[in-house]
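Summary of structural features
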Amino acid sequence: AATRLANHLGRIAGAEFAIGEGNGAGGIVVGLPDDFAKLPSHIAFEGGVFGREEYLLRSTKHGLYLLGATDLAVEHAVWDTLYRLGYRQFFPGETWEIVPERENLSLAVDSLEKPNFFARRIWYNWGLWDYNRKPYTDWCARSRAVQGFRLNSGHSYGGYIRENKAEFDKHPEYFALISGKRNADGQSKFCISNPGLRKLIVDTAVRRSQKNPDMDSISVDPSDGAGWCECEPCEKMGSVSDRALTLANEVAAAINELGLGDKYVGMYAYNKHCAPPSVKVHRNVIISVTTAFLTGGWTFDQVVKGWARQGATLGVYDYFSVIAWDWNMPRRGKAAQAKSLAAAICSYYDKGARFLDAESGDAWGPYGLGYYVASRVLWDVDEADRADEIVEDFLEKCFGPAKEPMAEFYFLIGEDQTRRSTADILARLYRHLNAARKLAGDDVEVMARLDDLVLY
């Protein structure tokens, strides 16, 4: 982290920053509090699985202190410091990196930082290849858009079946009964009323936890689609949500008796198991409410409130861009509307959500500004009040003399509500880019960004 900071400060100031071991008495101090014997004041972080990303930035007459609760927090402190000095990584890749030139560096700061959302994952549901993996990963790190707490909540029943194939072959009664037949297709639902089935899933979760003691959470979310068991004992258990949650609760209870510290179970409120349950939620079960695919006439707000009443720790599973829905086209994905997206994230937080998982894609032309604004707001929801400033900062730093036509470009993509044909939108986008190219002149960096958008 210190090397990274020194390199970037050198690029900004055109000077060399030496790196050495110190006692913390002065200089630019980067590390964990326990690394230094002579810090000017005592620093203690709250710790725990949800305190891993906490860090302190403090300037004094002795120097500048970047101190974190963990190595990850120290990395965050580095990128935050650089951001405060004008450095930006708006989109992935060198083209969208902004390195200001400042001969005199100064920073007055005293800020204890901690994210509002403990997991902030803007991930590619499609389009992540070898060539773009590192730029994407770098962007996530520099934007602090990561999972400090690793929440696993993806569809999981198929994995349990594959891991225990011999047992499921021996016990077809563990599968859901549908139209009088046990449905054993490898992605099936379970007959959750069967105590043998529940014990097998609990034992598997215990085994996984013991094998991976550093794992924060384990998913017990059902497989996708329908196909729930129709046997009488399952019907007596209650709703589909009651059944899925009963299994998740038993897993949570078992893995938290292993002496490995707090362990969590992830599950969605989604599809047939979106309805709020009549069963209380174990304190270590995290329910991520999806913003689409809610059945039974339930609204997102109703689902959130209903699960919260039963004690659920809440997250949100959102859809910033889904290739099958928007085909990476302008105006179609949720992330196209950066300011509305910021407001939505704030509303999730106000409803009690502390984790966010967002399906996205390598679609930075139409949705990159939304991704970037979202990364700021996911760390600090108060940044939503600055959404206009964040967009203005992006336009100024990325396009300089070509700022005005590019403001029109992004307004057309994200905020214009006029009904337009595809040809009309395309023509206007090219018109704005053409105007921007004329204004950019011989500014090579601005032209490179415009070229990216022309290619999009």
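In short, a report on the structure.

**So, the side chain of H76**
Considering the arrangement of structural elements, one finds H76 in helix α2 (residues 71-84). Once residues lying within four places of it in the same chain are set aside, the contact partners of H76 are E53, Y55, R120, R144, V146 and W379.

**Some points on the pattern of salt bridges**
Per the counting criterion, the structure on display carries 37 salt bridges. For E167, the salt bridge is made with K170, and the minimal N-O distance between the two is 3.4 Å. Of the two residues, E167 and K170 both sit in helix α5 (residues 165-170), three residues apart, roughly one turn of that helix. What emerges from the salt-bridge pattern is a single network uniting R331, D416, R420, D424 and R428.

**Focus on the sheet that holds strand β6 (residues 110-113)**
If you trace the four strands from one edge of the open sheet to the other, you get β1-β3-β2-β6, paired in mixed fashion. The sheet terminates laterally at β1 (27-31) and β6, the two strands that pair on one side only. The sheet shows a mean angle of 5 degrees between the axes of neighbouring strands, taken without regard to direction. The sheet contact formed by strand β2 (residues 55-59) and strand β3 (residues 63-68) spans five bridges and is antiparallel. When the bridges of β3 are listed, L57 appears paired with L66.

**Overview of the packing of helix α14 (residues 403-414) against helix α15 (residues 422-440)**
For any two helices packed against each other, the geometry is given by the interaxial angle and the distance between the axes. Remark: α14 packs on α15, axes separated minimally by 8 Å, with the N-to-C direction vectors making an angle of 160 degrees. With respect to each other, α14 and α15 are oriented roughly antiparallel. Relative to α15, the crossing made by α14 is left-handed. On the side of α14, the interface is formed by P405, M406, E408, F409, L412 and I413, while α15 contributes I425, R428, L429, H432, L433, A435, A436 and L439. Tallied by class, residues from the contact of α14 with α15 come to eleven nonpolar, one polar and two charged.

**What about the layout of surface pockets?**
Quantified by volume, the largest pocket comes out at close to 440 Å³. Considering the residues around the largest pocket, the lining is formed by 19 residues, among which A2, I19, G20, I28 and V30 are closest to the centre. When its residues are assigned to classes, the lining of the largest pocket shows eleven nonpolar, six polar and two charged. Here the second largest pocket is characterised by a volume of approximately 360 Å³. Around the second largest pocket, the lining is made up of 17 residues, and of these M329, P330, I425, L429 and Y456 lie nearest the centre. Looking at the lining of the second largest pocket, the elements that each hand over two or more residues are α15 and α16 (444-455). Looking at which element gives the most residues to the lining of the second largest pocket, the answer is α15, with six residues. Class assignment of the residues belonging to the lining of the second largest pocket gives a composition of twelve nonpolar, two polar and three charged.

**Quick notes on empty space enclosed by the protein**
Inspection of the entire model under this criterion finds five cavities of 30 Å³ or more. Looking at the largest cavity, its volume works out to about 140 Å³. Lining the largest cavity are W79, D80, Y83, Y87, R88, Q89, R142, S143, R144, Y372, S375 and R376. Those elements that place two or more of their residues in the lining of the largest cavity are α2, β4 (88-89) and α12 (364-379). Residues of the lining of the largest cavity, tallied by class, amount to four nonpolar, three polar and five charged.

**Thoughts on the sheet that holds strand β13 (residues 313-319)**
In any sheet, the strands associate via hydrogen bonds between backbone groups, in a parallel or an antiparallel arrangement. Strand order in the open sheet made by the six strands is β7-β14-β13-β12-β11-β10, with parallel pairing throughout. Edge positions in the sheet fall to β7 (119-124) and β10 (217-219), since each of these pairs with one other strand and no more. Each neighbouring strand pair of the sheet contributes to a mean axis angle of 20 degrees, computed without reference to strand direction. As paired strands, strand β12 (residues 285-294) and β13 are joined by five bridges and run parallel to one another. Paired with I286 across the bridge in β13 is T313.

**Concerning unusual backbone geometry**
In this structure, W327 takes a positive phi of about 50 degrees despite not being glycine. Along the chain, the position of W327 falls in the loop between α10 (323-326) and α11 (338-350). The residue R331 is not glycine, and still its phi comes out positive at about 75 degrees. Considering the arrangement of structural elements, one finds R331 in the loop between α10 and α11. On the basis of relative accessibility, which here comes to 24%, the residue R331 falls in the partly exposed class.

**Quick look at the state of the cysteines**
On inspection of all chains with the given rule, the structure shows zero disulfides. Just so you know, C274 is unpaired, no disulfide at all, and the nearest cysteine sulfur is the one on C234, 19 Å from it.

**Re the side chain of S217**
You can see S217 is positioned in strand β10. A relative accessible area of 2% places S217 in the buried class. Here the side chain of S217 touches N152 through a polar contact of 2.8 Å, landing on its backbone nitrogen. Setting aside chain neighbours within four positions, we find S217 in contact with F149, R150, L151, N152 and Y264.

Calculation notes
- Residues numbered from 1 in each chain as written.
- Predicted model: local features only at pLDDT ≥ 70, side-chain atom pairs only at ≥ 80, totals over all residues.
- Heavy atoms only, no water.
- Helix = DSSP H or I, 4+ residues; strand = E, 2+ residues; numbered from the N terminus.
- Contact = heavy atoms within 4.5 Å.
- Salt bridge = Lys/Arg side-chain N within 4 Å of Asp/Glu carboxyl O.
- Pairing = 2+ DSSP bridges.
- Axes fitted to C-alpha atoms, helices over the stretch in contact; angles between N-to-C directions.
- Parallel < 35°, antiparallel > 145°, perpendicular 65-115°, else oblique.
- Left-handed = near helix turned anticlockwise from the far one by under 90°.
- Nonpolar A, V, L, I, M, F, W, Y, C, P; charged D, E, K, R; others polar.
- 1 Å grid on protein atoms, 1.4 Å probe; cavity = no way out; pocket = protein on both sides within 12 Å on 5 of 7 lines; lining within 4 Å.
- Points joined across faces, edges and corners; volume = space filled by probe spheres on them.
- Buried < 20%, exposed > 50% of the residue type's maximum accessible area, 1.4 Å probe, protein only.
- Disulfide = S-S within 2.5 Å.
- Polar contact = N/O pair within 3.5 Å; in protein donor to acceptor, adjacent residues only side chain to side chain.

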